[in-house]
Each structure stands twice: as structure tokens, then as C-alpha cells.
Amino acid sequence: MQNWRPWAGGDPLTQGLDWAARPQVYCLHALTCRPPGTLHASASGKPLLVSGTYGKGRVAVFLGSLYGAPRPGDVPIWAWKEWPTLMQRVLEHLGRAGD
């Protein structure tokens, strides 16, 4: 179980979301974010939401899993009230022409 949070203030994908609920991720795939990739969120200091470019397009990777066994009082990522907003922002980011 790992708390996840935005990587840096002012990130357009994560800013303004309510992180007070301390959303939990229960499985995290190992990856190193290297330039020119952009790290948007982390869990226990490890990359969790990363984006970048490939050819003429954009890619995003969410390195957590939507599975796990929440403990009483936990807010799993799939039940976090901000999850739909975050995913909407990621999809909009992927669909934008190069900015």
C-alpha cells in the first residue's frame, strides 16, 4: 500500500485535485522516468503517472494497478472522487496538438 501524490506543484494534470483523502495504490510497476519524460505523480517516491512523446504522438503511463485489498478507512485510487477528473485530464493532454 502506498500513498500517491502529485510530483510537483503547478502540474496541469494534478493541480487543484483534492489529495486530502490520501488515495492509495496497492501495486506499482517499476519504471524509471528519464528525460524527456514528464513525471506527474509518484507513490512512495516512485513514478506513478508519466507522460512523454513518441514519434508525432503523446503517450501516458499509469504504473499503478486498479486492484488491491483496501483496509478499513483506505481510499483506493479507483474510489477516489478525483480519479475521473485526473483520467479526463490525461486523455485531454494526450489529444492536444503539440503545446
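Participant: Would you take a moment to explain the pattern of salt bridges for this structure?
Facilitator: Pairs can form between side chains of opposite charge once their charged atoms are near each other. A full pass over the atoms with the stated rule returns 2 salt bridges. The closest approach of N and O atoms between aspartate 18 and lysine 81, which form a salt bridge, is 3.3 Å. Placement of aspartate 18 in the loop between strand E1 (2–6) and strand E2 (24–25) and of lysine 81 in the loop between strand E5 (57–62) and helix H1 (83–95) is noted, with a sequence separation of 63 residues between them. Aspartate 18 sits in the partly exposed class, given a relative accessible area of 30%.

Participant: What am I meant to see in unusual backbone geometry here?
Facilitator: Only a minority of non-glycine residues have a phi that is not negative, and only a minority of peptide bonds are not trans. The peptide bond linking proline 35 to proline 36 adopts the cis configuration, its omega dihedral lying at 10°. Positionally, proline 36 belongs in the loop between E2 and strand E3 (38–43). The phi torsion at arginine 22 lies on the positive side, around 55°, for a residue other than glycine. Within the fold, arginine 22 resides in the loop between E1 and E2. Positioned with a positive phi, serine 44 is a non-glycine residue whose angle comes to about 50°. Looking at where serine 44 falls in the secondary structure, it is placed in the loop between E3 and strand E4 (46–54).

Participant: How should the nonpolar core be read in this particular structure?
Facilitator: Grouped burial of nonpolar side chains is what soluble globular proteins tend to show. Judged by nonpolar contacts, the single largest core of 13 residues is most densely connected at Leu17, Val25, Leu49, Trp80, Trp83, Leu86 and Val90. For this core, the secondary-structure elements that each account for two or more residues are E3, E4 and H1. The residues contacting valine 90, other than those within four sequence positions of it, are Leu13, Leu49 and Ala60.

Participant: Could you clarify how one ought to interpret H1 in this entry?
Facilitator: Each α-helix turn comprises 3.6 residues. Residues three or four places apart therefore point the same way. In a regular helix each residue adds 1.5 Å, so 13 residues correspond to 18 Å; H1 covers 19 Å between its end C-alpha atoms and thus fits that length. Along H1, the residues classified as buried are Trp83, Leu86, Val90 and His93. Buried residues of H1, seen end-on, are gathered within an arc of 90° and therefore sit on one face of the element. Residues of H1 that are exposed and angled more than 90 degrees away from the buried face: Pro84, Leu91 and Gly95.

Participant: How should I be thinking about the pairing of E4 in this particular structure?
Facilitator: Successive side chains on a regular strand alternate, one facing one side of the sheet and the next facing the other. Across 5 bridges, the pairing between E3 and E4 is antiparallel. Each residue of the ladder has a partner; that of alanine 43, found in E4, is lysine 46. Inspection of the sheet shows E4 paired to E5 by 6 bridges, in the antiparallel sense. Counted as the bridge partner of threonine 53 is arginine 58 from E5.

The rules we used
- Every chain begins its residue count from 1, and numbering advances along the sequence as written.
- Local features in this predicted model are restricted to residues whose pLDDT is 70 or higher, and side-chain atom pairs enter the listing and the counts only when it is 80 or higher, whereas totals over whole chains, interfaces and linings include all residues.
- Side-chain metrics in this entry use all non-hydrogen atoms of the structure; hydrogen atoms and water are not considered.
- Think of a salt bridge as a Lys or Arg side-chain nitrogen and an Asp or Glu carboxyl oxygen that are within 4 Å of each other.
- Secondary structure follows DSSP: runs of H or I at least 4 residues long count as helices, runs of E at least 2 residues long count as strands, and numbering of each begins at the N terminus.
- Residue burial is assigned from relative accessible area. The probe radius is 1.4 Å, only protein chains are included, and a residue is buried under 20% of its type maximum, exposed over 50%, and partly exposed in between.
- For the purposes of this section, nonpolar cores are sets of buried Ala, Val, Leu, Ile, Met, Phe, Trp, Tyr and Cys residues that join through side-chain atoms within 4.5 Å.
- Contacts are assigned to residue pairs with any non-hydrogen atoms lying within 4.5 Å of each other.
- Here a helix's expected span is defined as the number of its residues, less one, multiplied by 1.5 Å.
- Directions drawn from the helix axis to the C-beta atoms are what define this arc.
- Strand pairing is defined by DSSP finding a minimum of two bridges between the two strands.

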